[in-house]
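What follows is each chain in one-letter form.
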Amino acid sequence: MEINSFVSRLATKEKVAASSQNQALAALLFLYKNILGLTIQSPENIIRAKKSKKLPAVLSREETAKIFSLLPENDYGLFIRLLYGTGMRLMEGLRLRVQDIDFDKNEITVHCGKGAKDRKTMLPVSLKFPLQKHLENVRRIHEVDCKDGFGSVPLPSALAKKYPNAGKTWAWQWVFPQARRWQNKETGEQGRHHIDPSVIQRTLHEAVLRSGIPKPIGCHTFRHSFATHLLESGYDIRTIQELLVTAMFQPLWFTPTSSTAAVSAFKALSTECDLSLYHLVKIGLIWLLVMCSGEYYGRKV
């Protein structure tokens, strides 16, 4: 079949990645069906490329501390530290609202995470005071915006229709708003969205380059490192499962070797009976439903 021959040539001779092969295949199928009006014989025999499974990078505690020491002392550096301390994904952190942070309980509520799931995660004590100072500055900016006749933020779903003035309330403001207001040139309306993810990614990239750590490090790396360091600190697997909501599978970083370490960690936690810390972490969340078997599989979580 000429389609299979073309796709195979991309893989064997052109060394094209699996995602690019599937993109080219989708373009060919669209061409045959919608442009040329041709019927493809035996479409079930078309070969589709499968993405290879790759182990994610995990930072050691020393590497994490080194990167943190090179981060700027501003909102961007605070946000990256918060990603590691909470295990949040990049967009989960950027979409945080003021009302999602409970300083009394040291909790952060994450809304509409992966799979449209809500969860709670812990607020690191070391970041509590810096985050409070940050919000004081954000509130001053919000008050200035309101005095200028703006200060409204977009609301999820259709809440803006049900509560027209809710977008200007302090509770709904972004925790990490943009430095500049956007402006609609046609209506003159102005407002602030949350920080663009590329700004955070660029800030982290610059710190990683200066650190000299030869690993492919991105914002999601801190999520894997967060779970790994909890495991190394003696938390049992169920605690880590409940800490970050995700799909039911065994993560790539969780190898048969680390499964033995997890059993030891569980025994250590049970022996020490550190119930206060144990219950602090077990706050109704679910992370990695892990299968402790000899085989391991998974995808990016």
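Cut-off values and rules
- In this convention, every chain numbers its residues from 1, walking through the sequence in written order.
- Totals for whole chains, interfaces and linings use all residues, but because this is a predicted model, local features are given only for residues with pLDDT of at least 70 and pairs of side-chain atoms are given and counted only at 80 or more.
- To obtain the side-chain values, all non-hydrogen atoms of the structure were used and water was disregarded.
- Put simply, DSSP H or I for four residues or longer makes a helix, DSSP E for two residues or longer makes a strand, and each gets a number counted from the N terminus.
- Only protein chains enter the area calculation, which uses a 1.4 Å probe; residues under 20% of their type maximum are buried, those over 50% are exposed, and those in between are partly exposed.
- Contact criterion: two residues are considered in contact whenever any of their non-hydrogen atoms come within 4.5 Å of each other.
- To be clear on the numbers: accessible area is Shrake-Rupley with a 1.4 Å probe, and residue cover counts the displayed protein chains and nothing else.
- Within this analysis, patches are made of residues with over 30% relative accessible area and no salt bridge. Like charges are joined at 9 Å or less; nonpolar side chains (Val, Leu, Ile, Met, Phe, Trp, Tyr) at 5 Å or less.
- Salt bridges, as used here, are contacts in which a Lys or Arg side-chain nitrogen is within 4 Å of a carboxyl oxygen on Asp or Glu.
- At least two bridges found by DSSP between two strands are what make those strands a pair.
- N or O atoms closer than or at 3.5 Å make up a polar contact, with two conditions inside protein: a donor-capable atom paired with an acceptor-capable one, and, for residues adjacent in sequence, both atoms drawn from side chains.
- Per-residue confidence from the predictor is reported as pLDDT, which spans 0 to 100.
- To estimate the expected span of a helix, subtract one from its residue number and multiply by 1.5 Å.

### Some details on the overall build of the chain
Within the chain, the secondary structure is distributed over 12 helices and 5 strands. Relative to its 301 residues, the chain shows a buried fraction of 44%. Relative to all contacts within the chain whose residues are 6 or more apart in sequence, the contacts with residues 24 or more apart total 67%. Accessible surface, the chain: about 17,200 Å² in total, of which carbon and sulfur atoms supply 56%.

### Quick word on a nonpolar patch on the surface
A contiguous nonpolar surface patch, about 480 Å² in accessible area, is contributed by Phe30, Leu31, Ile35, Leu36 and Leu38. For Leu31, the position within the fold is in helix α2 (residues 18–35). Accessibility expressed as a relative area gives 33% for Leu31, which makes it partly exposed.

### Re the sheet that holds strand β2 (residues 107–110)
Pairing is antiparallel across the open sheet formed by 3 strands, whose spatial order is β1-β2-β3. Both outer strands of the open sheet, β1 (101–102) and β3 (119–122), are each paired with one neighbouring strand and no more. Where β1 meets β2, 2 bridges bridge the pair, whose relative direction is antiparallel. When the sheet's bridge partners are listed, Ile101 is paired in β2 with Ile108.

### As for the side chain of Arg192
Take Arg192: it is sitting in the loop between β5 (190–191) and α8 (197–211). The class of Arg192 is buried, set by a relative accessible area of 14%. A distance of 3.1 Å separates a polar side-chain atom of Arg192 from the backbone oxygen of Gln178.

### A closer look at the pairing of β2
Residues Glu107 and Thr109 point to one face of β2 and Ile108 and Val110 to the other, with burial holding for every one of them. In the sheet, β2 pairs with β3 via 4 bridges, with the strands oriented antiparallel. Each residue of the ladder has a partner; that of Glu107, found in β3, is Met122.

### Observations regarding unusual backbone geometry
Of note, Asn106 is a non-glycine position whose phi angle comes to about 55°, a positive value. Within the element layout of this structure, Asn106 appears in the loop between β1 and β2.

### A few points about the pattern of salt bridges
Taken as a whole and judged by the stated rule, the model has 11 salt bridges. As a salt-bridge pair, Glu136 and Lys133 come within 3.6 Å of each other at their nearest N and O atoms. Of this pair, Glu136 and Lys133 are both found in helix α6 (residues 125–147), 3 residues apart, which corresponds to roughly one turn of the helix. The class for Glu136 is partly exposed, based on a relative accessible area of 40%. Judged by its relative accessible area of 43%, Lys133 falls in the partly exposed class. Between Arg139 and Glu143 there is a salt bridge whose closest N-O contact spans 4.0 Å. In this pair, Arg139 and Glu143 are both assigned in helix α6, 4 residues apart and thus about one turn of the helix distant. Within the structure, one salt-bridge network assembled from shared partners comprises Asp145, Asp148, Arg181 and Arg192.

### Section: the confidence of the model for the chain
Detailed reading of the predicted model is not advised wherever pLDDT is low. Mean pLDDT for the chain: 81, with 79% of residues reaching 70 or above. Within the chain, helix α12 (residues 275–281) has the poorest average pLDDT of any element, 39, and α8 the best, 97. Below pLDDT 50 for its whole length, residues 247–301 participates in 121 contacts with residues either more than four positions away or in separate chains.

### Considering helix α4 (residues 75–86)
The end-to-end C-alpha distance of α4 is 16 Å, a good match for the 16 Å that 12 residues give at a rise of 1.5 Å each. Within α4, 10 of the 12 residues are buried, which leaves it mostly tucked inside the rest of the structure. Turning to α4, its buried residues number three or more, namely Gly77, Leu78, Phe79, Ile80, Arg81, Leu82, Leu83, Tyr84, Gly85 and Thr86. Where α4 begins, one side-chain oxygen reaches toward the backbone nitrogen of Tyr76, 3.1 Å away; that side chain belongs to Asn74. Just downstream of α4, Gly87 is the residue with a positive phi angle, here 75°.

### A word on the environment of Glu189
Among the structural elements, Glu189 can be located in the loop between β4 (182–183) and β5. The class for Glu189 is partly exposed, based on a relative accessible area of 42%. Taking the C-alpha atoms as reference, Glu189 lies 9.1 Å from Gly149; in sequence the two are 40 residues apart.

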